[in-house]
Amino acid sequence: MSVRALIVSDQPEFRQLLAHHLNLEWLDALPAEYQPATRGRLRPQFKGAAYDVVLLDHEVQGGRGLEWLEDLSERPGFPPIVYFGAATEQSRKLALVAGACTWLPRADFEHSQFTACVSDAIARRCNVLAETSRTALEPTPADRFG
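Because the structure is predicted, anything quoted here is derived from the model rather than measured.

S.K.: Looking at this structure, how should I read the overall build of the protein?
M.R.: In terms of regular secondary structure, the protein is built from 5 helices and 5 strands. In the protein, the succession of helices and strands from N to C terminus is β-α-β-α-β-α-β-α-β-α. Within the span of the protein, comprising 146 residues, buried residues form 40% of the whole. For the protein, contacts bridging at least 24 residues in sequence account for 67% of all contacts bridging at least 6. For the protein, the exposed surface amounts to about 8,400 Å²; the carbon and sulfur share of it is 54%.

Here it is, written out as structure tokens:
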């Protein structure tokens, strides 16, 4: 299975770093890069269905990553989001409350931390998709009268 990741950051170097980490661990990874500074916000209709995980940088649109996180995590069926924020406990707590699957310090994380977080997010996504498909296959109960 190829890992399909959407990397959201305004900084090309950071997007490339995250893509590099993905490709080191998953040789067949398919990272897609999105630059909000030039492309704007993701449309409300965007549900991220083509991705297993979203890697979101705090520094999008001048430090508005938490706003992005809240918006994206509220969308039904949206993939898990790994959030990269400031290396503080407050940043971690805010990200988790805002809907991040997990959080990593933006400036200083280990490859092993990165792969563990992404693996966890992918596992969550697989569980949600499996549950959704199982529920969709269950027959609809017949209407009962009286």
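S.K.: Just checking my understanding: could you explain the pattern of salt bridges for this structure?
M.R.: If charged atoms from side chains of opposite charge come close, those side chains can pair. Applying the stated criterion across every chain yields a total of 8 salt bridges. The closest approach of N and O atoms between Arg-106 and Asp-57, which form a salt bridge, is 2.5 Å. Here Asp-57 lies in strand β3 (residues 53–57) and Arg-106 lies in the loop between β5 (102–105) and α5 (111–137), a separation of 49 residues in the sequence. Like Arg-106, the residue Asp-57 is buried in the burial classification. Taking the shortest distance from any N to any O, the salt bridge between Glu-67 and Arg-64 comes out at 2.8 Å. Under the relative-accessibility criterion, Glu-67 is labelled partly exposed at 38%. One continuous salt-bridge network, built from bridges that share partners, spans Arg-41, Asp-71 and Arg-75.

S.K.: When you look at unusual backbone geometry in this model, what are you seeing that I'm missing?
M.R.: Excluding glycine, a negative phi dihedral is what most residues carry, and trans is how most peptide bonds are arranged. Even without a glycine there, the phi angle at Gln-61 is positive, about 45°. Here Gln-61 falls in the partly exposed class, since its relative accessible area comes to 24%.

S.K.: How should helix α3 (residues 65–73) be read in this particular structure?
M.R.: For an α-helix, the turn length of 3.6 residues means that residues three or four places apart are oriented alike. For α3, the set of buried residues is Gly-65, Trp-68, Leu-69 and Leu-72. Down the axis of α3, the buried side of the element spans an arc of 100°, and every buried residue falls inside it.

S.K.: What is the right way to look at the sheet that holds β5 in this model?
M.R.: Strand pairing within a sheet occurs via backbone hydrogen bonds; the two strands may be parallel or antiparallel. Here 5 strands make up an open sheet; going across it, the order is β2-β1-β3-β4-β5 and the pairing parallel. Since the sheet does not close on itself, it has two edges, and those belong to β2 (30–34) and β5, each with one partner. Adjacent strand axes in the sheet meet at a mean angle of 20°, parallel and antiparallel pairs treated alike. Pairing between β3 and strand β4 (residues 81–85): 4 bridges, direction parallel. Each residue of the ladder has a partner; that of Val-54, found in β4, is Ile-81. Running over the sheet, α3 touches β1 (4–8), β2, β3 and β4 and is turned about 170° from β4. Together, β4 and β5 form the strand contacts of helix α4 (residues 89–98), whose direction differs from that of β5 by roughly 150°.

S.K.: Got a minute to help me understand the confidence of the model for the protein in this structure?
M.R.: A low pLDDT score tells you not to read the predicted coordinates there in detail. On average, residues of the protein score 88 in pLDDT, and 86% of them are at 70 or above. Scored below 50 in pLDDT, residues 140–146 makes 0 contacts in the model with residues more than four places away or belonging to other chains.

Parameters and conventions
- Residues numbered from 1 in each chain as written.
- Predicted model: local features only at pLDDT ≥ 70, side-chain atom pairs only at ≥ 80, totals over all residues.
- Heavy atoms only, no water.
- Helix = DSSP H or I, 4+ residues; strand = E, 2+ residues; numbered from the N terminus.
- Buried < 20%, exposed > 50% of the residue type's maximum accessible area, 1.4 Å probe, protein only.
- Contact = heavy atoms within 4.5 Å.
- Areas by Shrake-Rupley, 256 points an atom, 1.4 Å probe, with all protein chains shown as cover.
- Salt bridge = Lys/Arg side-chain N within 4 Å of Asp/Glu carboxyl O.
- Arc of directions from axis to C-beta.
- Pairing = 2+ DSSP bridges.
- Axes fitted to C-alpha atoms, helices over the stretch in contact; angles between N-to-C directions.
- pLDDT = per-residue confidence, 0-100.

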